[in-house]
Amino acid sequence: MNITVKSISALKEKINYVLIVILSILTLIFIQIIIPNDIVRINLSNVIKTDLSMYTKNLLKNISRNINVYVFYKRGEYKKWYNTINKYTTFTKAINPIYYDLDRNPGIASIYNVSDYNTIVLEYNAKIIVLNNFSEVEMNKSILKLIQDKEKSIYIIRGHGECDFFKENERTGYSIARRVLEEENYKLSEVYINKDVIDQNSLLIVCNPTKDMNLEELNKIHKFISNGGNMLFLSGGDIGNNIRELFKKFGIRIEDNFIADDKNKLYKYDAYSPVLSNFTSHPINNNISAVVFPLCNPVYLDESNGSESQRKALAFTSNNSWVEDNFRETVKSGAYKEQHNVSGPIPAVVAVSTNMNYNPKKDGRIIIIGSSLFINNYFINFLNNKDL
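Residues numbered from 1 in each chain as written. Predicted model: local features only at pLDDT ≥ 70, side-chain atom pairs only at ≥ 80, totals over all residues. Heavy atoms only, no water.

Draft legend 1. Spatial organisation of the nonpolar core. Counting 31 residues, the largest nonpolar core has Phe-165, Cys-207, Phe-293, Val-349, Ile-369 and Ile-375 as the members making the most contacts within it. Mapped onto this core, the elements with two or more residues apiece are strand S5 (152-157), helix H7 (175-183), strand S7 (203-207), strand S15 (309-316), strand S17 (347-354) and strand S18 (364-369). With three residues, S17 is the largest single contributor of residues to this core. The contacts of Phe-165, once residues within four sequence positions are left out, are Ile-156, Tyr-174, Ser-175, Ala-177, Arg-178, Ile-205, Cys-207 and Ile-375. Tyr-155, Met-213, Leu-218 and Phe-224 belong to the second-largest nonpolar core, a separate cluster that totals 27 residues. (Core = buried A, V, L, I, M, F, W, Y, C linked by side-chain atoms within 4.5 Å. Buried < 20%, exposed > 50% of the residue type's maximum accessible area, 1.4 Å probe, protein only. Helix = DSSP H or I, 4+ residues; strand = E, 2+ residues; numbered from the N terminus. Contact = heavy atoms within 4.5 Å.)

See the structure below:
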């Protein structure tokens, strides 16, 4: 037999490979023997319990009313439903789950008109909501309907080239933001400020108008806020002199140039998509670690105006940021200046609480954000944009 050195070497490699496979199998068998199965189950259940969105967790933590949740399950599926509802009870004691085998409890099922497996019934006082198709979104909407005294309305101002919350386009539309708000039990309507009646208890959204408003429209908005109305204003370009003058009355100055940051930005994006991670203490900043604000205007506190209002900057760009004075020229050349007139940190989000003359018992509230693109269909799922 002619055995070469090369064939011996190949044989050794095969033997080593087989030994490695055998050792790996023995190791797995050994682990199964010495580690109790209960430990594995406990670890998996801990993972399941925290599988909820940040919005849901915040909602649950703020529930002050006890809600009974009746789960009518199919025999053999109790554990699945227990793990599902247990996600919610981890974050609040206000959820009181009660589990029923539907086949064995026809009496209680008839009281709530339940005939299908996997039906969830939520009850608070005399209010009852039945969920036939359970999901986290539908569960949240049901909880909100139970605990809210009345439906909340959002009016989206149109007529000045504003963002379109009913447009599905993947880049220019804002339909995802609309659906997020609807999931939080808001009713959204488009209105024209000079034609439609605005409910004083609603939220007004003005999203990056590209055409200035007239004085009659601005006076109506001013009165709305001064009577205790709430407004969210999203900038991101040249919003018009009249609108700027309105905000000056509340001690806010919005500029039409853009914030740049070539270090704290999205990877492979230009400097005009700054990432913000510097937040002050405020309820809307809870659990927010970072957001990206494409084409963001600076939003300053104007100490010379708005003496009757309380103002606070909520989010800032980094120390490396600056305000770009020659935006078009710089973008075309692709070269950033080393010296800047205004350097970071630069405020990009401001909150205003105002107590004006129309109704001194009510405070109007305004949130001004320097970017509108951060919640369009393209950017809304970046970082914590959706949670802001």
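Draft legend 2. Structural context of the pattern of salt bridges. As enumerated under the stated definition, the model contains 13 salt bridges in all. Notably, a salt bridge pairs Arg-253 with Glu-255, separated by 3.4 Å at the nearest N-O pair. Between Lys-263 and Asp-262 there is a salt bridge, and its shortest N-O distance comes to 4.0 Å. (Salt bridge = Lys/Arg side-chain N within 4 Å of Asp/Glu carboxyl O.)

Draft legend 3. Representation of the confidence of the model for the chain in the model. Summarising the model, the chain shows a mean pLDDT of 84, and 83% of its residues fall at 70 or more. In this model, residues 28-50 is a region of pLDDT below 50 whose contacts with residues beyond four sequence positions or in other chains number nine contacts. (pLDDT = per-residue confidence, 0-100.)

Draft legend 4. Representation of the sheet that holds strand S1 (residues 67-73). An order of S2-S1-S3-S4 is seen for the four strands of this open sheet, with the pairing classed as mixed. Two strands lie at the open edges of the sheet, namely strand S2 (95-101) and strand S4 (127-131), each paired on one side alone. Taking the axes of each pair of neighbouring strands and ignoring which way they run, one obtains an average angle of 20° across the sheet. Pairing geometry for S1 and S2, over seven bridges, is parallel. If you follow Tyr-73 over to S2, its bridge partner there is Asp-101. Against the sheet, helix H4 (residues 78-89) engages S1, S2 and strand S3 (119-124), with an angle of about 170° to S2. Helix H6 (residues 136-147) rests against S1, S2, S3 and S4 of the sheet, and its axis sits at about 170° to S4. (Pairing = 2+ DSSP bridges. Axes fitted to C-alpha atoms, helices over the stretch in contact; angles between N-to-C directions.)

Draft legend 5. View of the layout of surface pockets. A volume near 180 Å³ is recorded for the second largest pocket. Grouping the amino acids of the lining of the second largest pocket by side-chain chemistry returns four nonpolar, seven polar and two charged. (1 Å grid on protein atoms, 1.4 Å probe; cavity = no way out; pocket = protein on both sides within 12 Å on 5 of 7 lines; lining within 4 Å. Points joined across faces, edges and corners; volume = space filled by probe spheres on them. Nonpolar A, V, L, I, M, F, W, Y, C, P; charged D, E, K, R; others polar.)

Draft legend 6. Just the side chain of Asn-297, in detail. Structurally, the position occupied by Asn-297 is in the loop between strand S13 (291-292) and strand S14 (299-301). Look at Asn-297 and you get buried, because its relative accessible area is 0%. Of the polar contacts made by the side chain of Asn-297, one reaches the backbone nitrogen of Gly-237; its length is 2.8 Å. Separated by 2.9 Å, the side chain of Asn-297 and the backbone oxygen of Asn-257 make a polar contact. Beyond its immediate sequence surroundings of up to four residues, Asn-297 is in contact with Ser-235, Gly-236, Gly-237, Ile-254, Glu-255, Asp-256, Asn-257, Phe-258, Ile-259 and Gly-370. (Polar contact = N/O pair within 3.5 Å; in protein donor to acceptor, adjacent residues only side chain to side chain.)

Draft legend 7. Representation of the packing of aromatic side chains in the model. By the definition in use, this model includes 17 aromatic pairs. On the numbers, 5.3 Å between centres and 80° between planes, the contact of Tyr-78 with Tyr-99 is edge-to-face. Linking Tyr-78 in helix H4 with Tyr-99 in strand S2, this pair joins segments that are 21 residues apart in sequence. Taken together, a centroid distance of 6.1 Å and an interplanar angle of 50° make the contact between Tyr-82 and Tyr-99 tilted. Taken together, the positions of Tyr-82 in helix H4 and Tyr-99 in strand S2 put the pair 17 residues apart, joining distant regions of the chain. For Tyr-82, a relative accessible area of 36% translates into the label partly exposed. Taken together, the ring pairs in this structure connect Tyr-70, Phe-72, Tyr-100 and Tyr-112 into an aromatic cluster. (Phe/Tyr/Trp six-rings, centres within 6.5 Å; stacked < 30°, edge-to-face > 60°.)

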